[in-house]
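Commentary on secondary and tertiary structure
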Amino acid sequence: MTAPQPVVTGVRTVSVPVDDQEQALRFYVDTLGFTVLRDESIPTGRWIELAPGGDNVVVTLEQAAPDVTRGPVTIRFTTDDAAAAHAALNAAGVDIDEILQWPGVPPMFAFRDPDGNAFSITET
């Protein structure tokens, strides 16, 4: 029996719904340290692609539809030092939770962007 050809071969981007693309761009670049890969005008706003650190995953900041519900996006970003990342985001006034530290599991914490989208950061 021959295996079927894969329909999905990878992940190109992870999209985050935002109300104000300029405010979101400043947060992701200035506060989180993302790199702008592309920022182009499109009929519905802007097409903004960002990269966290040197990673090969692309995050897009898409103009949210009026009925989009905010909450967990279920993206886990990584950091070399969870305590330092937590302190930096706290100093920047970001809405963050306490660091979770369980035996055998890397330290991690949740945070929310200005639009209320929830993420987590896990120490590598």
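Details of the structure are given in the entry above.
Residues numbered from 1 in each chain as written. Predicted model: local features only at pLDDT ≥ 70, side-chain atom pairs only at ≥ 80, totals over all residues. Heavy atoms only, no water.

Moving on, we get to the packing of aromatic side chains. Under the criterion given, the structure shown has 7 aromatic pairs. Ring geometry for phenylalanine 27 and tyrosine 28: centres 5.3 Å apart, planes at 85 degrees, overall edge-to-face. The same class applies to phenylalanine 27 and to tyrosine 28, which are both buried. For the pair phenylalanine 77 and phenylalanine 119, a centre-to-centre distance of 5.5 Å together with 45 degrees between the ring planes defines the contact as tilted. Of the two residues, phenylalanine 77 sits in strand 5 (residues 72–79) while phenylalanine 119 sits in strand 8 (residues 118–123), which places them 42 residues apart along the sequence. Accessibility assignment for this pair places phenylalanine 77 and phenylalanine 119 in one class, buried. The rings of Phe27, Tyr28, Phe34, Phe77, Phe111 and Phe119 are connected pair by pair, giving a single aromatic cluster. (Phe/Tyr/Trp six-rings, centres within 6.5 Å; stacked < 30°, edge-to-face > 60°. Buried < 20%, exposed > 50% of the residue type's maximum accessible area, 1.4 Å probe, protein only. Helix = DSSP H or I, 4+ residues; strand = E, 2+ residues; numbered from the N terminus.)

A few words now on the side chain of glutamate 49. Among the structural elements, glutamate 49 can be located in strand 3 (residues 45–51). When its relative accessible area of 5% is taken as the criterion, glutamate 49 is described as buried. Here tryptophan 47 takes part through its side chain, which lies 2.8 Å from a polar atom of the side chain of glutamate 49. When near neighbours in sequence (up to four residues on either side) are disregarded, glutamate 49 contacts Arg12, Thr35, Val36, Leu37, Arg38, Val58, Val59 and Thr60. (Polar contact = N/O pair within 3.5 Å; in protein donor to acceptor, adjacent residues only side chain to side chain. Contact = heavy atoms within 4.5 Å.)

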